[in-house]
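Working through the structure, step by step
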Amino acid sequence: MERLLDALAILSLALLVIVLRSLRREHIRVEHSVSWLAASVALLALSRSRALLERFSAWLGLHDASVALIAIILVVFLGVFYRYSRIVSGLKDMNITLTQRVAILEHKLQRQHEEAQDKP
Amino acid sequence: MITGRTLLIIPAYNEEGAIASVVREVRETLPDLPILVIDDCSTDSTIDQARMAGARILQVPFHLGLGGCVQAGYRLAHEFGYDQVVRIDGDGQHDPRDIPRLLDTLARTGCEMVIGVRSKESGGLQTHLIRRIGIHFFRLILRPILGRSPSDPTSGFVAVNRRALEVFGRSFPLEYPEIETLVVLQRRRFRFEEVPCRMRRRMAGRSTITALKSVYYVIHVLLGVFVNILRFDGRPRKGPA
Ligand SMILES: Nc1nc2c(ncn2[C@@H]2O[C@H](COP(=O)(O)OP(=O)(O)O)[C@@H](O)[C@H]2O)c(=O)[nH]1
Ligand SMILES: [Mg+2]
């Protein structure tokens, strides 16, 4: 269990560092880094609070705190993934609308161009 | 008779073998009908063929999918003030001589959408078994939702009026639109009618719906139908309309 918690601490620190680095290099936009940063900080805090974890797993009726830990990690990342599915869907909607608008505007321009040429 | 302002749209994706004759056939049959070919970033000469045959072109900047292109056509038609839009396939399967009958039915019945369906004389659908099973499956699913079972729910031969244009401009499926559209309409208490038509074989190329895609199609469309039922209050989705 100790080792598992240490591993989790290292992993969440690594996640934190990776996200911060990507932010600095502008690979991730600030607004999209928030859920990753929140997730890594939450997991780091969890890995340093063994008593809390044991109380939680007892409450769940589990004998093994590591199962509870893995369940929490899963829930945190499911939350992050869900958030990104929503973001991607929103972007796709905007993309479709934009694509259609561009096509329609191009078509209108083309028509105006033709009409101008037809006039002597 | 073609009355009011009517636009014909032809969604096309890599149809260089057929699109020119489709456009020419329409122009010979219905010389006054404006034709708009909606090209989905074809990688062949579809655009040139269509333009040379005398159609106007709507070109989307990246591959959108069939539904996205049809919706672009509906939005354009709405903006240009057209009263009705007919859609036919770009592969020559639909006979333009049937178009006036679709428009007549649209005007006469006052319904929002008319579907040209495969008539008995045209014989069965020339396609693989999986797709045929899928179509029967959807006819069963749609019966309780629509109150009747559409005889050819995947037909791409469709005429819609301005009320439908408004609704479809706001909400339209992106990939395989035909079946979901029926549910979108039903949620608005809109009606559709069917007109039996001669359906021919596609002139060139192959259907984009292969056996494997049929399975994906069924799952995708089933989900789409389900989602449309969940959106029972007909509210448009949040975000850009
Ligand atoms: N814009 C667009 N049109 C498509 C796409 N896939 C198919 N089409 C067109 O939609 C029509 C019907 O497609 P088809 O493959 O013949 O389907 P089927 O008749 O149901 O077997 C044809 O005019 C195709 O060119 C696509 O991804 N985008
Ligand atoms: Mg076809």
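Along each chain, the written sequence defines residue order, and numbers are assigned to residues from 1. Note on labels: chains are lettered from A, ligands numbered from 1, in written order. Where local features are concerned, this predicted model is filtered to residues with pLDDT of at least 70; where side-chain atom pairs are given and counted, the filter is 80 or more; whole-chain, interface and lining totals use all residues. Values shown for side chains rest on all heavy atoms present in the structure; no hydrogens or waters enter the calculation.

1. Observations concerning the site of ligand 1
All names here are of chain B. Selection criterion: Distances are taken per atom, and a residue is near a molecule or strand as soon as one of its heavy atoms is within 4 Å of it. Two N or O atoms form a polar contact when they lie within 3.5 Å of each other; inside protein one atom must be a possible hydrogen donor and the other a possible acceptor, and for residues adjacent in sequence the pair counts only when both atoms belong to side chains. Areas reported here follow the Shrake-Rupley algorithm with a probe of radius 1.4 Å; residue values treat only the protein chains shown as occluding. Under the DSSP-based scheme used, a helix requires at least four consecutive residues in state H or I and a strand at least two consecutive residues in state E, with every element numbered from the N terminus. Three residue categories are used. Nonpolar comprises Ala, Val, Leu, Ile, Met, Phe, Trp, Tyr, Cys and Pro, charged comprises Asp, Glu, Lys and Arg, and polar comprises the others, including Gly.
Residues in contact with ligand 1 amount to 18 residues; listed here are only the nearest, Glu15, Asp40, Gly90, Arg131 and Ser207. Residue Glu15 places a side-chain N or O atom 2.7 Å away from an oxygen atom belonging to ligand 1. Contacts to ligand 1 include Asp89, whose side-chain N or O atom sits 3.3 Å from an oxygen atom. Considering ligand 1 on its own, with 570 Å² of exposed area, one finds that the protein chains cover 90% of that surface. Those elements that place two or more of their residues in the shell around ligand 1 are strand E1 (6-12) and helix H3 (66-79). The residue makeup of the shell around ligand 1, split by class, is six nonpolar, six polar and six charged.

2. Looking at the coordination of the magnesium ion (ligand 2)
As a reminder, the rule being used: Each metal's donors comprise the N, O and S atoms found within 2.8 Å of it (within 3.2 Å for Na, K or Ca). Water is not part of the atom list, so some coordination spheres may appear incomplete. Working definition: with a 1.4 Å probe on protein chains only, accessible area under 20% of the residue-type maximum means buried, over 50% means exposed, and in between means partly exposed.
Binding of the magnesium ion (ligand 2) to the protein goes through Asp91 of chain B (OD) and Gln93 of chain B (OE1), at separations of 2.0 Å. Residue Gln93 of chain B is classed as partly exposed on the basis of its relative accessible area of 21%.

3. With respect to the interface of chain A and chain B
Size of an interface, as often reported, equals the accessible area lost when the parts are brought together. Convention followed: The contact criterion used is simple: two residues touch if any of their non-hydrogen atoms lie within 4.5 Å. By definition, the buried area sums, over both parts, the 1.4 Å-probe accessible area that each loses when the two are put together. Salt bridges are counted wherever a side-chain nitrogen of Lys or Arg sits within 4 Å of a carboxyl oxygen of Asp or Glu.
Counting residues at the interface gives 18 residues for chain A, matched by 21 residues for chain B. A per-residue breakdown of the area chain A buries against chain B is headed by Gln100, His107 and Arg111 of chain A, which together make up 33% of the total. At the junction of chain A and chain B, the tally comes to three salt bridges. Across the pair Glu79 of chain B and Lys108 of chain A runs a salt bridge, and its minimum N-O distance is 2.7 Å. On inspection of chain A and its partner chain B, the count reaches seven residue pairs in polar contact (both at pLDDT 80 or more). A per-class count over the side of chain A that touches chain B returns five nonpolar, six polar and seven charged.

4. Quick word on the nonpolar core
Residue and element names in this part refer to chain B. What counts is decided by this rule: Here, the term nonpolar core denotes a set of buried Ala, Val, Leu, Ile, Met, Phe, Trp, Tyr and Cys residues that are joined through side-chain atoms within 4.5 Å.
Tyr74, Met113, Val160 and Phe168 are the most contacted members of the largest nonpolar core, which has 45 residues in total. Element by element, the count of residues in this core is highest for H3, at six residues. Leaving out residues up to four positions away in the same chain, Met113 has contacts with Leu106, Val158, Ala159, Val160, Phe168, Leu182, Leu185, Arg191, Phe192 and Glu193.

5. Some words on the sheet that holds E1 of chain B
Sheet strands associate in pairs through backbone hydrogen bonding, adopting either a parallel or an antiparallel arrangement. All names here are of chain B. So the rule is basically this: The pairing criterion for strands is at least two bridges between them, as found by DSSP. Note on geometry: axes are lines fitted to C-alpha atoms, helical ones only across the stretch in contact, with angles between N-to-C directions running from 0 to 180 degrees.
As summarised here, the arrangement of the seven strands in space is E3-E2-E1-E4-E6-E5-E7, forming an open sheet in which the pairing is mixed. The open sheet has two free edges, formed respectively by strand E3 (56-59) and strand E7 (192-197), since each of these has just one partner strand. Going across the sheet, the axis of each strand differs from the next one's by a mean of 25 degrees, ignoring polarity. Both strand E5 (residues 113-118) and E7 contribute to a ladder of six bridges, which runs parallel.

6. Brief notes about unusual backbone geometry
Residues and elements named next belong to chain B. With a phi angle near 50 degrees, Asn14 is a residue other than glycine that sits in the positive phi range. As for its placement among the helices and strands, Asn14 is situated in the loop between E1 and helix H1 (19-29). Its relative accessible area of 30% is what places Asn14 among the partly exposed residues.

7. A closer look at helix H4 (residues 99-109) of chain B
Helical geometry note: an α-helix holds 3.6 residues per turn, so side chains three or four residues apart project in the same direction. All names here are of chain B. If you check which residues of H4 are buried, you get Ile99, Pro100, Leu102, Leu103, Thr105 and Leu106. Lining the buried residues of H4 we find E1, strand E4 (84-87), E5, strand E6 (158-161) and E7. Phi turns positive, to about 70 degrees, at Gly110, one or two residues after H4.

As far as function goes, none of this settles anything; it's purely spatial.
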